[in-house]
Amino acid sequence: MKAMIFAAGLGTRLRPLTNDRPKALVEVAGKPMLRRVIENLVKHGFDDIVINVHHFGEKIIDYVAENNSFGVNIHISDERGLLLDTGGGILKAREWLCGDVPFLVHNADILTDLNLRDFYDYHCRHQADATLLTKERVTARYLLFDADSRLSGWINKSTGQVLPEGMEYHPGDFSEMAFGGVHVISPRIFPALEEYAHGISDDDEVKFSIIPFYVAMCRRLKIMSYAPSDYRWFDVGKPETLALAAEAFR
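So, here is what we can say about the structure in this document. (Residues numbered from 1 in each chain as written. Predicted model: local features only at pLDDT ≥ 70, side-chain atom pairs only at ≥ 80, totals over all residues. Heavy atoms only, no water.)

A few words now on the pattern of salt bridges. It is possible for side chains bearing opposite charge to pair when their charged atoms get close. Overall, the coordinates contain 13 salt bridges when judged by the stated rule. The partner of Arg 80 in a salt bridge is Asp 78, with the nearest N and O atoms 2.6 Å apart. Residue classification places Arg 80 among the partly exposed residues on the basis of a relative accessible area of 36%. For Asp 78, a relative accessible area of 33% corresponds to the partly exposed category. (Salt bridge = Lys/Arg side-chain N within 4 Å of Asp/Glu carboxyl O. Buried < 20%, exposed > 50% of the residue type's maximum accessible area, 1.4 Å probe, protein only.)

Shown next, in the form of structure tokens:
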């Protein structure tokens, strides 16, 4: 099975730890977060993995080589010339992700003991174009899902802004969920990704985030929520949560 790990981020919230290394190689309880993500993917049957790189990208390339690619196929999507964000990063890695089977996308700074194979199977059973790991969490911005767990829109509670354009928001009509940094995508989504990117720029490589794409395309594409309750989840992209995760994994 195929997966992609986003490891290209600048890691600004983790400075000074990221002054001499990529965020993905910051250690959590003595082990780089990238290693923890890879091992969890391999544990659940993912054996063909793309890793994108930018900040100190050569250190990730060397780390993967030193560990014999962890016994699986690992491809490097090199964004050292231009950091493309999540949507642009997926589009750039298309050559390794195309085909007849879905692929899982995982942020390097998300650590979880979620059963990724169950998540993948859920996506396949629902024949979704994309399925997002979601959770009820206090935040300012929420993804809005209908009674069938299908994405209907997005709201910024601080400003009242609602997307996509023309959507009517009534409290209680939707499940208001936060994105958990892990998603499963069917390759048939690529034409829509290309169309969206070309709407931003005619350049060969376009920087854009995947969440605005999902929101903009939610009426055309079947984008689902996956919200199990029995798993641990840590966003280790900031010092306070890094410390919590280190304690948990220790």
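Further notes follow.
Glancing now at unusual backbone geometry. A negative phi holds for most residues other than glycine; trans holds for most peptide bonds. For the peptide bond that leads from Leu 163 to Pro 164, omega is 0°, which places it in the cis range. With respect to the helices, strands and loops of the structure, Pro 164 is situated in the loop between strand S11 (162–163) and strand S12 (175–185). Although it is not a glycine, Phe 70 sits at a positive phi angle of roughly 55°. Mapped onto the fold, Phe 70 is located in the loop between helix H2 (57–66) and strand S5 (73–78). One non-glycine residue, Ser 149, lies in the positive phi region at around 65°. In this structure, Ser 149 sits in the loop between strand S9 (141–145) and strand S10 (151–156). Here Ser 149 falls in the partly exposed class, since its relative accessible area comes to 26%. (Helix = DSSP H or I, 4+ residues; strand = E, 2+ residues; numbered from the N terminus.)

Right, let's talk about the side chain of Asp 109 for a bit. Secondary-structure assignment places Asp 109 in the loop between strand S6 (103–107) and strand S7 (110–112). Once you skip the residues sitting within four places of it in the chain, Asp 109 turns out to touch Arg 13, Lys 23, Met 33, Phe 234, Asp 235, Val 236 and Gly 237. (Contact = heavy atoms within 4.5 Å.)

There is about 950 Å³ of room inside the largest pocket. Asp 85, Thr 86, Asn 107, Phe 179 and Ser 209 are, among the 34 residues lining the largest pocket, the residues nearest its centre. Where the lining of the largest pocket is concerned, the elements lending two or more residues are helix H3 (85–92), S9, S12, helix H7 (210–217) and strand S14 (233–235). (1 Å grid on protein atoms, 1.4 Å probe; cavity = no way out; pocket = protein on both sides within 12 Å on 5 of 7 lines; lining within 4 Å. Points joined across faces, edges and corners; volume = space filled by probe spheres on them.)

Our focus in this paragraph is the pairing of strand S13 (residues 223–226). Across the two faces of S13 the burial is the same, with Ile 223 and Ser 225 and Met 224 and Tyr 226 all buried. Bridging between strand S8 (residues 130–135) and S13 involves four bridges; their strand directions are parallel. Residue pairing across strands places Thr 131 opposite Met 224, the latter belonging to S13. (Pairing = 2+ DSSP bridges.)

With that out of the way, let us pick up H7. Of all eight residues in H7, six are buried; the element is thus mostly enclosed. Of the positions making up H7, those classed as buried are Ile 210, Ile 211, Phe 213, Tyr 214, Val 215 and Met 217.

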